[in-house]
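Coordinates in review
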Amino acid sequence: MSGERTAEDLRSHRWFGVNDMRSFGHRSRIKQMGFSKEDFGGKPVIAILNTWSGLSPCHQHFKERVEDVKRGIYQAGGFPVELPAISLSEPFQKPTTMLYRNLLALEAEELLRSHPIDGCVLMGGCDKTTPALLMGATSMNLPAIFFPAGPMMKGNWAGQTLGSGSDTWKYWDLLRTNKITAEDWTGIEDGIARTAGHCMTMGTASTMTSAAEAMGMTLAGASSIPAAMSAHPMLAAATGRRAVEMVWEDLKPQDIISRDSVLNAVTVVLALAGSTNSVIHLLAMAQRAGVDLTLEDFDKLSRDIPVLANIRPSGAYLMDDFYDAGGLPALMKHLQQMLSTECITANGASLGENISRAKTYDDDVIRLLDNPVSDAGSLAVLKGSLAPNGCVIKAAAASKHLLQHRGPAVVFDNYDDLAARIDDPDLDVTADSVLVLRGCGPVGGPGMPEWGMLPIPKKLLAQGVTDMVRLSDARMSGTSYGTCVLHISPESSIGGPLDLLRDGDLIELDVPARRLDMLVESSELEQRRSLSRDHPPKATRGYTSMFSQHIGQADEGCDFDFLKGSGSPEPAIH
Ligand code: FES
């Protein structure tokens, strides 16, 4: 404890420390729950925002871990209070958890604002929970530290290592072409997710928890620790202890998150060949901290940052291999010339201090700079007549021979249209066609579902085609792979050029030139625009209606227009 702040300086002092009728009520109600003045008097109140739920397998261990976090908070002289928050369960919530990322961000901010809270531990990990919790905590700007759920251990079926998501797609295609049996498929179902924790490929969860660590919002090394290991409850207790210290030091998210620390996160995501979803989330997180970040920053860095993490879906290994090889601190040590190592982190030390003693124990998993998985370019940002405001492709997970491609469009207006026609034997499609899915953006989805890895038509699979150029205004899972151009902005449902595309139009993808174009005469496009279709809102009531009215486009991070930036840290109270 720094000793710079006193109990009277605590925000919770207004609830518990003063002598008036209101604080009498607050104290008597805390005592109603069995706590005495020795428990809460003059101590930092640490909220633990817990995204456990009975439908969140990635966070199933949070019921126990929250007790470990509390243990740490008590050890350091704080008073822990657990506040449940929406779990954003990737496997179960439809149409997509992205529809609810901003809801959790809003909830996190208001939970902190409206309660007698001095600091917080944010318990998340499953895809959207990490950006959502950090967005809310950043806007609220109380001392905050992120506690990552940790990846699950690798899966196994019949002696084959299984990776979350990636192997689902792979074996589904084998099942569709009768190369594995229904019994095999059930065996894979039993073996692909065997312990607590989030997806153990370099999907959105591992990407975003690593980004949070690189940004300085976790303890050093936190994001790589598998959920099932004893180091994980130890991390929970250490995170709790540190949250108390951060309150006394008044170390807040906006003291940690700067343009340099955000660029550190982008750099690390690129070296991990991380999920394309991170582009949207990092844009939104930066905005909450008042940091200027654009798609161009990603593309500029991507041209220089090598891929060092040899992790699926772009590489060969999984997250527990990454942990044993030295984890994120080891990878960041290789990158230190490309990072702003002076950035302060949640433990009070600089990033450079945190990685100074890191070691790599397996340089096939965490590659050295002179032997990268690829030299550069794990993500690319493209612009052109089909995506005036930008779109992204995970070049590291794409087929090299398709990165420059010209082919005729096969257009699907929405997911139902795709599902109905993709395997139609009469579909006019060849391996050179460009599959296009529209109507799946932030407004059109709504919520921009992960439908961007369009399935290869069955008749082409049977011919041995395993990848094609695919375009959409949707996202794709970080565990997905293939030559998929995503996040086309503006989306078709608000009149983006994607809406004007017709079957047979020639499309040109040129990743080295960072271009995506529709080769259609402007006069023809003008005519089509004059006939353009209406897009009536899909939802007319409730949260989804509000979402559709206030959601931003992908190139701006898909935040709500009324949530950007920060609010007052104080509630209107009496
Ligand atoms: Fe939770 Fe993948 S389903 S991280």
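A brief structural summary. In every chain, residue numbers begin from 1 and rise along the written sequence. The model is predicted, so local features are restricted to residues of pLDDT at least 70 and side-chain atom pairs to those at 80 or more, both for listing and for counting; the totals for chains, interfaces and linings are taken over all residues. Hydrogens and waters are ignored; side-chain quantities use all the structure's heavy atoms.

In this section: the overall build of the protein chain. The helix and strand tally for the protein chain stands at 21 helices and 14 strands. Whereas a compact globule of 574 residues would reach a radius of gyration of roughly 25 Å, the protein chain reaches 24 Å, a difference of no more than 12%. Expressed along its principal axes, the backbone C-alpha trace of the protein chain runs to roughly 75 × 55 × 45 Å. Remark: exposure states derive from per-residue accessible area (1.4 Å probe, protein chains only) relative to the maximum for the residue type, with buried under 20%, exposed over 50%, and partly exposed in between. Within the protein chain, the proportion of its 574 residues that are buried is 60%. Throughout, a contact is declared for two residues whenever any of their heavy atoms are within 4.5 Å. Considering only intrachain contacts with a sequence separation of at least 6, the fraction spanning at least 24 residues in the protein chain is 77%. A run of H or I in DSSP counts as a helix once it spans at least four residues, and a run of E counts as a strand once it spans at least two, with each numbered from the N terminus. All radius of gyration figures rest on C-alpha atoms, and the globule criterion is 2.2 Å times the number of residues raised to 0.38.

What follows deals with the pairing of strand E4 (residues 144-148). Counted residue by residue, E4 has five buried out of five residues, so it is predominantly covered. Two strands are said to pair when DSSP picks up at least two bridges between them. Two elements, strand E3 (residues 119-124) and E4, share five bridges in a ladder whose sense is parallel. What sits directly across from Cys120, in E4, is Ala144. With the strands aimed away from the viewer, a crossover counts as right-handed if its path from the first strand over the helix to the second runs clockwise. Tracing the backbone out of E3, into helix H6 (residues 129-140) and back to the parallel element E4 gives a crossover that is right-handed.

Right, let's talk about the nonpolar core for a bit. Buried Ala, Val, Leu, Ile, Met, Phe, Trp, Tyr and Cys residues form a nonpolar core when they are joined through side-chain atoms within 4.5 Å. In this structure, Leu282, Phe322 and Leu331 are the most contacted members of the largest nonpolar core, which totals 122 residues. For this core, the element with the highest residue contribution is helix H10 (residues 231-249), accounting for nine residues. Leu331 has contacts with Ala271, Leu272, Leu308, Ala309, Phe322 and Ile366, leaving out every residue within four places of it along the chain. Core analysis: the next-biggest nonpolar cluster, separate from the first, contains 27 residues, Val436, Ile507, Leu516 and Val520 among them.

What makes a salt bridge here is a side-chain nitrogen of Lys or Arg within 4 Å of a carboxyl oxygen of Asp or Glu, nothing more. The final tally for this structure, using the stated rule, is 36 salt bridges. Here Glu296 ties to Lys383 by a salt bridge, and the two come within 2.8 Å at their closest N and O atoms. A residue pair is termed long-range when its members are at least 10 positions apart, and Glu296 in helix H14 (residues 295-302) and Lys383 in strand E7 (residues 380-384) qualify at 87 residues. A relative accessible area of 31% places Lys383 in the partly exposed class. For Asp417, the salt bridge is made with Arg421, and the minimal N-O distance between the two is 2.8 Å.

The four strands lie next to each other as E2-E1-E3-E4, forming an open sheet whose pairing is parallel. Each edge of the open sheet is held by one strand with a lone partner, namely strand E2 (79-84) and E4. On average, adjacent strands in this sheet sit at an angle of 20° to one another, irrespective of strand direction. Angles run from 0 to 180 degrees between N-to-C directions of axes, and those axes are lines fitted to C-alpha atoms, restricted for helices to the stretch in contact. Seen against the sheet, helix H4 (residues 62-75) touches strand E1 (45-50), E2, E3 and E4 and runs at an angle of roughly 165° to E1.

All right, on to helix H7 (residues 166-176) then. What H7 keeps buried is the set Ser166, Asp167, Tyr171, Leu175 and Arg176. Looking at the buried side of H7, the elements it contacts are strand E5 (155-157), strand E6 (160-162), helix H8 (182-191) and helix H19 (458-462).

Let us now look at the side chain of Lys70. By the element assignment, Lys70 lies in helix H4. Apart from the residues within four sequence positions on either side, Lys70 is in contact with Ile48, Pro80 and Glu82.

Across the interface, helix H9 (residues 204-215) lies against helix H16 (residues 327-334) with an axial gap of 11 Å and an inter-helix angle of 60°. When the axes of H9 and H16 are compared, the pair comes out oblique. Between H9 and H16 lies a crossing whose hand is right-handed. Seen from H9, the contacting residues are Ser210, Glu213 and Ala214; seen from H16, they are Leu328, Pro329 and Met332. Should an angle lie under 35 degrees it is considered roughly parallel, over 145 roughly antiparallel, and from 65 to 115 roughly perpendicular; all remaining angles are considered oblique. Working rule for handedness: look at the near helix, and if it is turned counterclockwise from the far one by less than a right angle, call the crossing left-handed; if clockwise, right-handed.

Residue position: Ser258 is located in the loop between helix H11 (253-256) and helix H12 (259-271). As a C-alpha pair, Ser258 and Leu351 span 93 residues in sequence and 13 Å in three-dimensional space. If near-sequence neighbours (up to four positions away) are discounted, Ser258 is found in contact with Val291 and Cys343.

With that out of the way, let us pick up the packing of aromatic side chains. Aromatic rings from Phe, Tyr and Trp, taking only the six-membered ring of Trp, are treated as a pair when their centres fall within 6.5 Å; an angle between ring planes under 30 degrees marks them as stacked, one over 60 as edge-to-face, and anything in between as tilted. Applying the stated rule across the entire model yields 12 aromatic pairs. Each ring, one from Tyr100 and one from Tyr543, has its centre 5.4 Å from the other, and the planes form 20°; the classification is stacked. Pair noted here: Tyr100 is in helix H5 (residues 98-114) and Tyr543 is in helix H21 (residues 542-550), with a separation of 443 residues, a long-range link. Each member of the pair, Tyr100 together with Tyr543, is buried. Three or more aromatic residues joined by ring pairs make a cluster, and in this case those are Tyr100, Tyr543, Phe547, Phe560 and Phe562.

By the secondary structure assignment, Gly216 is in the loop between H9 and H10. Looking at Gly216, the relative accessible area reads 0%, which means it is buried. Each C-alpha atom of the pair Gly216 and Ile344 lies 6.6 Å from the other, and the pair is 128 residues apart in sequence. Ignoring any residue separated from it by four or fewer positions in sequence, one finds Gly216 in contact with Ile256, Ile344, Thr345 and Ala346.

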